[in-house]
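Okay, here's what each chain looks like letter by letter:
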Amino acid sequence: MEDRTDDLRRALRAALHEDPNVRQEAALRLGTLAGPDTAGELVALLVSEPDLGVRETLTWAVVRQADAALPHLLAALEGEEPSRVQVLHALSKIQDPTAVARILPLADDPDPAVAAKAWWALGRTGVPEAVPALMAHLGDPDEARRHELTRALEQLGAPAVDALADRLRVGDPVERRHAAEVLMVVGDPDARPAVDALVHAVERDDKDVALVAVEALARLEMPEVDEALRRLRGSSDRWLAIIADWLLSDRAERK
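In short, a report on the structure. No experiment lies behind these values; they were computed from the predicted model shown. (Residues numbered from 1 in each chain as written. Predicted model: local features only at pLDDT ≥ 70, side-chain atom pairs only at ≥ 80, totals over all residues. Heavy atoms only, no water.)

## Quick word on the packing of aromatic side chains
Note the cut-off: The criterion for an aromatic pair is that two Phe, Tyr or Trp rings (for Trp, the six-membered ring) have centres within 6.5 Å, with stacked assigned to planes under 30 degrees apart, edge-to-face to planes over 60 apart and tilted to the rest. In this scheme, Lys NZ or Arg CZ marks a charge over a ring once it lies within 6 Å of the ring centre and within 35 degrees of the ring normal.
Under the criterion given, the structure shown has zero aromatic pairs. Sitting above the plane of the Trp120 ring, Arg151 keeps its charged end 4.2 Å from the centroid.

Written out as structure tokens, the structure reads:
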């Protein structure tokens with residue numbers, strides 16, 4: 001026991017070394033040696049570590065002590081960027097629902113890196129309380145941020161589907177297209193409650209929205225999908241008709 005304690009203390013000292021290679025080796029040792037009683041020290045090392053590779057290893061070490069580390073991580077959210085991004089990254093791996101209330105305000109953070117990582121953490125935690133905070137950013141004008149939000153909503157999955165279906169019906173064109181893009185990656189079976197909204201978009205929405213909606217719809221294994229695609233195959237819009245015909249053929253081959 002004494003040897004293990006000595007090894008732990010040596011690793012904690014080495015984690016402060018100026019050489020990142022030494023710190024990396026120390027972080028690996030800490031992941032094996034550290035216990036709940038050193039969770040606070042691990043989090044302190046994580047938020048102060050300048051090297052990305054070492055931070056990732058320290059994140060692994062922190063997550064191994066998830067229960068003990070959680071209060072320290074939540075306290076560290078009061079810090080400044082870039083530490084909050086790494087703290088949120090750790091929280092996204094721990095996925096503790098009790099952290100959601102502290103993460104939610106950061107979904108609107110003016111720093112895009114912090115906001116995007118908060119979206120990811122909320123999506124990974126998978127609780128319905130995250131839906132309004134994420135949906136508030138649907139259709140963001142920045143393509144990179146839309147992509148980050150799509151990833152987060154994909155992780156959230158089923159709890160977001162009803163809200164996405166509603167936005168597909170009543171949102172502006174950018175929001176409707178983004179909602180369809182998310183439903184496409186959510187896929188079967190989680191996106192099934194949105195089938196009526198997708199059919200409506202395919203048959204009645206603008207072409208840019210309909211093209212995405214039809215691809216999302218085609219990923220759902222439901223009779224209603226085939227019926228909608230057959231109707232669309234007779235569309236006066238040549239491109240939509242061609243896509244519907246191809247999707248029907250593809251679905252038939254898979255069956």
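## What about the environment of Ala118?
The cut-off we apply is this: Helical segments are the DSSP runs of H or I of at least four residues, strand segments are the runs of E of at least two, and each set is numbered from the N terminus. Working rule for contacts: check all heavy atoms of both residues, and any pair within 4.5 Å makes them a contact.
Mapping Ala118 onto the fold places it in helix α8 (residues 112-125). Along the sequence, Ala118 and Val22 sit 96 residues apart, while their C-alpha atoms lie 31 Å from each other. Here Ala118 is in contact with Leu88, Ile103, Leu106 and Ala107, once residues within four sequence places are set aside.

## Regarding the environment of Leu168
Going by this rule: Classification of residues uses two cut-offs on accessible area relative to the type maximum, computed with a 1.4 Å probe and protein chains only: under 20% is buried, over 50% is exposed, and between them is partly exposed.
Here Leu168 is to be found in helix α11 (residues 161-170). When its relative accessible area of 2% is taken as the criterion, Leu168 is described as buried. For the pair Leu168 and Glu203, spaced 35 residues apart in sequence, the C-alpha separation works out to 13 Å. In this structure, Leu168 is in contact with Arg176, Ala179, Ala180, Leu183, Ala197, Leu198, Ala201, Asp205 and Val209, ignoring residues within four places of it in sequence.

## Notes on the pattern of salt bridges
Note the cut-off: Whenever Lys or Arg places a side-chain nitrogen within 4 Å of a carboxyl oxygen from Asp or Glu, that contact is recorded as a salt bridge.
Under the definition given, this model contains 20 salt bridges. One salt bridge connects Arg176 with Asp205, and the closest N-O pair in it is separated by 2.7 Å. Linking Arg176 in helix α12 (residues 173-186) with Asp205 in the loop between α13 (195-204) and α14 (207-218), this pair joins segments that are 29 residues apart in sequence. A salt bridge links Glu221 to Arg254; its shortest N-O distance comes to 2.8 Å.

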